[in-house]
Amino acid sequence: MAVVPIIKIPDEILNQKSEKVGKLDEATKNLIKNLLDTLQAAQNPEGAGLAAPQIGILKRVCIARKFLPNPNNPNKPLIQDVVFINPKIISSSKDVELGWEGCLSIPDEYGKVQRPKKVKIKALNEEGEEVRINASGFFARVIQHEIDHLEGVLFTSKVVGNTITEKELDKILEKEKNN
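Per an unreviewed UniProt entry, the recorded name for the protein is Peptide deformylase, and the organism is candidate division WWE3 bacterium RBG_16_37_10. What UniProt records for the protein under Catalytic activity (unreviewed entry) is the sentence "N-terminal N-formyl-L-methionyl-[peptide] + H2O = N-terminal L-methionyl-[peptide] + formate". Annotation of the protein in UniProt includes, under Function (unreviewed entry), the sentence "Removes the formyl group from the N-terminal Met of newly synthesized proteins. Requires at least a dipeptide for an efficient rate of reaction. N-terminal L-methionine is a prerequisite for activity but the enzyme has broad specificity at other positions."

Shown next as structure tokens:
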């Protein structure tokens, strides 16, 4: 369909709760396509997920990227975009971890957020079929971040400590990689 501008803070739509999708109609299919096109076009920074409110639509639809090992190029993971309609976390692990997050709607701001390491999600897929997905690691983090968007919650409200810029984050990650 189209690459749509990503809504940025302080736009109030980002703080509003999204409505449940009633049926998988043409408008919902177009929304999914626009989310996919917009996420795939996002560069500098690249996105790990995108939720409908981030393109101005208050519907419970989001996409989370699953990064998979690439046997042909270990430095360039394979990307699988997973569509969630009316997602609901039905269980989460007691094990939590603190990890870096950023957001396409909050440019150049990163912070550490504590989230469960594993979650089980119930949702509809893009065919309107109910799916249950067990997610762990970074994929679980992305899903939780995107579901927060559907609730009108931004990651910055959950940051432990201070937020930093992309330049500061790059320095920290480079230091961690060399240790």
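Attention shifts here to the UniProt feature "active site" (unreviewed entry) in the protein. When the UniProt feature table is mapped to this numbering, "active site" (unreviewed entry) covers Glu 146. Position of Glu 146 among the secondary structure elements: in helix α2 (residues 137-150). With a relative accessible area of 3%, Glu 146 lands in the buried category. If sequence neighbours within four positions are ignored, Glu 146 has contacts with Gly 49, Leu 50, Ala 51, Gln 54, Cys 62 and Ile 63. Within the structure, Glu 146 has its side chain in polar contact with the backbone nitrogen of Leu 50 (distance 3.4 Å).

On to the sheet that holds strand β4 (residues 96-103), then. Here we have three strands laid out as an open sheet, ordered β4-β5-β8, and antiparallel in their pairing. Each edge of the sheet is formed by a strand with only one pairing partner; in this case those strands are β4 and β8 (159-164). Sheet twist, expressed as the mean angle between neighbouring strand axes with direction ignored, is 20 degrees. In terms of strand pairing, strand β5 (residues 106-116) meets β8 through three bridges, oriented antiparallel. Bridge pairing in β8 links Lys 112 to Val 160. Sheet contacts for α2: β4 and β5; angle to β4, the most-contacted strand, approximately 60 degrees.

Moving on: the pairing of strand β7 (residues 130-136). Pairing of strand β6 (residues 118-124) with β7, which is carried by seven bridges, proceeds in the antiparallel orientation. Bridged to Lys 120 within β7 is Asn 134. Where β6 hands over to β7, the hairpin turn is made up of five residues, of which Gly 128 adopts a positive phi near 85 degrees.

Calculation criteria
- Counting starts from 1 at the beginning of each chain's written sequence and moves along it residue by residue.
- The model is predicted, so local features are restricted to residues of pLDDT at least 70 and side-chain atom pairs to those at 80 or more, both for listing and for counting; the totals for chains, interfaces and linings are taken over all residues.
- Note that water and hydrogens are dropped before the side-chain values are worked out from all heavy atoms of the structure.
- UniProt positions are given in the numbering used here, feature names are shortened, and annotations may be inferred rather than shown by experiment.
- Labels follow the DSSP assignment, with helices taken as runs of H or I lasting at least four residues and strands as runs of E lasting at least two, numbered in each case from the N terminus.
- Only protein chains enter the accessibility calculation, which uses a 1.4 Å probe; a residue whose area is less than 20% of its type maximum is buried, one above 50% is exposed, and one in between is partly exposed.
- Any two residues having at least one pair of non-hydrogen atoms within 4.5 Å are treated as being in contact.
- Here a polar contact is taken to be a pair of N or O atoms separated by no more than 3.5 Å, where protein atoms must pair a possible hydrogen donor with a possible acceptor and residues adjacent in sequence count only if both atoms sit in side chains.
- Between any two strands, at least two bridges found by DSSP are needed for them to pair.
- Fitting a line to C-alpha atoms yields each axis, with helices limited to the stretch in contact; the angle taken between N-to-C directions then spans 0 to 180 degrees.

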